Amino acid sequence: MVYLTPFSLSNSQLEQFKCSASQLGEKCNSAVLCEKKKLKETPKMKTTCSKAESTQKRSSSRLHSEGRKLDQKSSSEDSVLGVDAESSEDNDDDTPDLDDFSGLSAYERKRLKNISENANFFASLQLSETAARLRKMIKKTRSPKCKRKKPKKKEDEIGCRRSMRLLKVEPSEMSLPAPPVQPMVEEEDALLPPGPLDMIPENEDDNQLFKGFLQTWASMSKTCSKSYQKGLSSIKSYKANLKGMVIKEDTVCKLVDGLITSVAVHPSETRILVAAGAKTGQIGLWDLTQQGEEGGMFRFYPHSRHVSCLYFSPANPAHILSLSYDGTLRCGDFSSAVFEEVYRNERSGLSSFDFLTDDASTLLVGHWNGHISLVDRRTPAMPDKKLNSSMEQIRTIHVHPVHRKYFITAGLRDIHIYDARCLNSRRSQALLSLTGHTKSITSAYFSPVTGNRVVTTGLDCKLRVFDSSCVSSQSPLLTTISHNTISGRWLARLQARWDPKQEDCFVIGSMAHPRQVNVFHETGKMVHSFLGESLASVCSINATHPTRYILAGGNSSGKIHVFMD
């Protein structure tokens, strides 16, 4: 029996191993004899044989796999196989035939014979010599190393910026250059100083013309009450009078700089005075009676931001009251040539105001944050009474013309009617809520004579008319009118305002072409459209004379367009 154990030999030890092959054969024979005796003595011969067979199977499989490799390891193992084969042959010559061993079966003899034949076959292949030749072919000559020359840094070249703090380097003692001195620019939204401001026109240097203008309009202190009479004209005569109103080149004038945000018409029946408030805080006055004369137009700067509300006082038309986003409410007095400060609140912007009493002594002021201030002009030293509404935002506020304890507010998405007697500083409960608009609301106003109707404007391109004849119980929706109210970013939002001369008709600007201003009846029918060659832009903000057929519209460039009979 021959035991084959895989192990590696170097080339120098290979010859030594061949010389001692005979000695290895003798040792193997003696080991076989000893193993034969042990098998006879122990009854577990079958298990021993099985272990020997498994050992021999592993050795044969390793020889078969390692013989196919082309590296150095395969050559050394092939040499071992050759030596084992030679030793087995020598052993076969020296030892007697296998038939003498009665302990080996025929299967074991055949298996050992196959092992020896396989070893001779692998030795004849000369795998070690082939592997040596392949290694010589695969060897590559090392390319000589070439050192790359580093470019020399220029002396004037600026290196990468590195943090002196991270490098732990002390800062240099050199001082930084002083920054260039920039010219002082005044802020556009800077608040004007509190207190009264002199009424000094910005566009007129001749004081005599301005003094004559003030004297003329200071004498206009009586208001015509025809617009508040119940006997109003019929719709037919009203429509005929509207057709007689035209626009001319002389009735178009650039009154202020920038976007016009409010317009008012003086109630005088003998002269025509139009006032406009601008986004820049300007207020312009235009006397159309002096069209052919000099000094008919004056500009003032009583505010620093949008002038959102502009009204002539119902008690004294020589006073013009203006409210601005800068948190101030001023009264321009033509008799004293001063813009007096009526109310000031720099913490929250002001959005709208209206007269709570007929004598204009008490005002309701709406804030953008939803608060309402009750201002009494008779006691200027007393602080205003702050009231909290149930709205997040107030855009317009309007008092009922008959029952002045009621007022309506238009907010972001809701329209509420309140009772001024029930307001408190915590949270006031609304009497009624007018619903229907699906987008942001622009304005809400009572009808001018009876207050039995409310017209609202929203960005959902709808105009709605509600019945407000019974404020304490309900206000049902009467009419819904489709009208394009998407004015965009550069135009003021369209607002529907009632005509004081006609209880059931209101005026609103239009985005249609050609440019026009529309008049609607409360039933939704269009009564008239103001057109003309001199009207080439959108008049977002419009105001009408209380008794005469005069309409003034302002656009986004500061121009006033006047239609008159």
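Residues numbered from 1 in each chain as written. Predicted model: local features only at pLDDT ≥ 70, side-chain atom pairs only at ≥ 80, totals over all residues. Heavy atoms only, no water.

Overview of the sheet that holds strand 25 (residues 517-521)
- Spatial ordering of the open sheet is given by 23-24-25-26, a layout of 4 strands whose pairing is antiparallel. The strands lining the two open edges of the sheet, one partner per strand, are strand 23 (497-499) and strand 26 (526-530). Here the strands of the sheet are splayed against their neighbours by 30° on average, with no regard to which way each runs.
- Bridge count for strand 23 against strand 24 (residues 502-509) is 3 bridges, and the pairing is antiparallel. Residue tryptophan 498 lies in a different strand from strand 24, and its bridge partner there is phenylalanine 506.
- Its contacts with the sheet place helix 8 (residues 235-243) against strand 23, strand 24, strand 25 and strand 26, and it is angled at close to 10° to strand 26. (Pairing = 2+ DSSP bridges. Helix = DSSP H or I, 4+ residues; strand = E, 2+ residues; numbered from the N terminus. Axes fitted to C-alpha atoms, helices over the stretch in contact; angles between N-to-C directions. Contact = heavy atoms within 4.5 Å.)

Comments concerning the sheet that holds strand 18 (residues 432-434)
- Taken together, 4 strands build an open sheet; the order of strands is 15-16-17-18 and the sheet is antiparallel. At either margin of the open sheet sits one strand with a lone partner, and together these are strand 15 (396-399) and strand 18. Mean inter-strand twist for the sheet, computed between neighbouring axes without regard to direction, equals 20°.

Describing the pairing of strand 9 (residues 328-333)
- Within strand 9, 6 of the 6 residues are buried, which leaves it mostly tucked inside the rest of the structure.
- Where burial is concerned, the two faces of strand 9 agree: the one with Thr328, Arg330 and Gly332 and the one with Leu329, Cys331 and Asp333 are both buried.
- What sits between strand 8 (residues 319-324) and strand 9 in their antiparallel hairpin is a turn of 3 residues, with glycine 327 showing a positive phi close to 90°.
- Examined bridge by bridge, strand 9 and strand 10 (residues 338-344) share 6 bridges and lie antiparallel to one another. Across the sheet, residue arginine 330 finds its bridge partner in strand 10, namely glutamate 341.
- Hairpin connection from strand 9 to strand 10: 4 residues lie between these consecutive antiparallel strands, with alanine 337 at a positive phi of about 55°. (Buried < 20%, exposed > 50% of the residue type's maximum accessible area, 1.4 Å probe, protein only.)

Description of the pattern of salt bridges
- On inspection of all chains with the given rule, the structure shows 11 salt bridges.
- Of the charged contacts in the structure, one is a salt bridge between arginine 404 and aspartate 358, with a shortest N-O distance of 3.3 Å. Taken as a pair, arginine 404 in the loop between strand 15 and strand 16 (406-410) and aspartate 358 in the loop between strand 11 (350-355) and strand 12 (362-367) lie far apart in primary sequence, 46 residues in all.
- A relative accessible area of 22% places arginine 404 in the partly exposed class.
- For aspartate 499, the salt bridge identified is with lysine 501, shortest N-O distance 3.0 Å.
- Accessibility expressed as a relative area gives 9% for lysine 501, which makes it buried.
- Among the charged side chains, a salt-bridge network with shared partners connects Arg330, Glu341, Arg344 and Glu346. (Salt bridge = Lys/Arg side-chain N within 4 Å of Asp/Glu carboxyl O.)

Examining unusual backbone geometry
- In this model, histidine 513 is joined to proline 514 through a cis peptide bond whose omega is -5°.
- Mapped onto the fold, proline 514 is located in the loop between strand 24 and strand 25.
- Positioned with a positive phi, alanine 337 is a non-glycine residue whose angle comes to about 55°.
- Tracing the backbone through its elements, the reader meets alanine 337 in the loop between strand 9 and strand 10.
- Of note in this structure, alanine 360 is not a glycine but carries a positive phi near 60°.

With respect to the packing of aromatic side chains
- Under the criterion given, the structure shown has 16 aromatic pairs.
- Both rings, one in phenylalanine 300 and one in phenylalanine 339, keep their centres 5.7 Å apart while their planes meet at 65°; by these two values the pair is edge-to-face. Of this pair, phenylalanine 300 sits in strand 6 (residues 297-300) while phenylalanine 339 sits in strand 10; the two residues are 39 residues apart in sequence, bridging distant segments of the chain. Like phenylalanine 339, phenylalanine 300 is buried.
- For the ring pair tryptophan 498 and phenylalanine 506, a centre distance of 5.5 Å and an interplane angle of 80° mean the geometry is edge-to-face. (Phe/Tyr/Trp six-rings, centres within 6.5 Å; stacked < 30°, edge-to-face > 60°.)

Description of the confidence of the model for the protein
- Within the protein, residue pLDDT values average 80, and 72% of them lie at 70 or more.
- Looking across the protein, the model is least confident in helix 4 (residues 72-94), with a mean pLDDT of 42, and most confident in strand 25, with 98.
- Across residues 63-96, where pLDDT falls below 50, the model places 45 contacts with residues more than four positions away in sequence or in other chains. (pLDDT = per-residue confidence, 0-100.)

Concerning the environment of histidine 367
- Mapped onto the secondary structure, histidine 367 falls in strand 12.
- Beyond its immediate stretch of four places on either side in the chain, histidine 367 contacts Tyr343, Asn345, Ser348, Gly349, Leu350, Ser351, Ile372, Ser373 and Ile394.

Notes on a nonpolar patch on the surface
- A cluster of nonpolar side chains, contributed by Met164, Leu167 and Val169, occupies part of the molecular surface with about 260 Å² of accessible area.
- Tracing the chain through its elements places valine 169 in the loop between helix 6 (127-138) and strand 1 (197-198). (Patch = residues over 30% accessible without salt bridge, like charges linked within 9 Å, V, L, I, M, F, W, Y side chains within 5 Å. Areas by Shrake-Rupley, 256 points an atom, 1.4 Å probe, with all protein chains shown as cover.)

Here's the deal with the environment of tyrosine 406
- Tracing the backbone shows tyrosine 406 in strand 16.
- Assessed through its relative accessible area of 12%, tyrosine 406 is described here as buried.
- Tyrosine 406 sits 12 residues away from tyrosine 418 along the chain, and the two C-alpha atoms are 5.7 Å apart.
- Setting aside anything within four residues of it in sequence, one finds tyrosine 406 in contact with Val399, His400, Tyr418, Asp419, Arg421, Leu431 and Val471.

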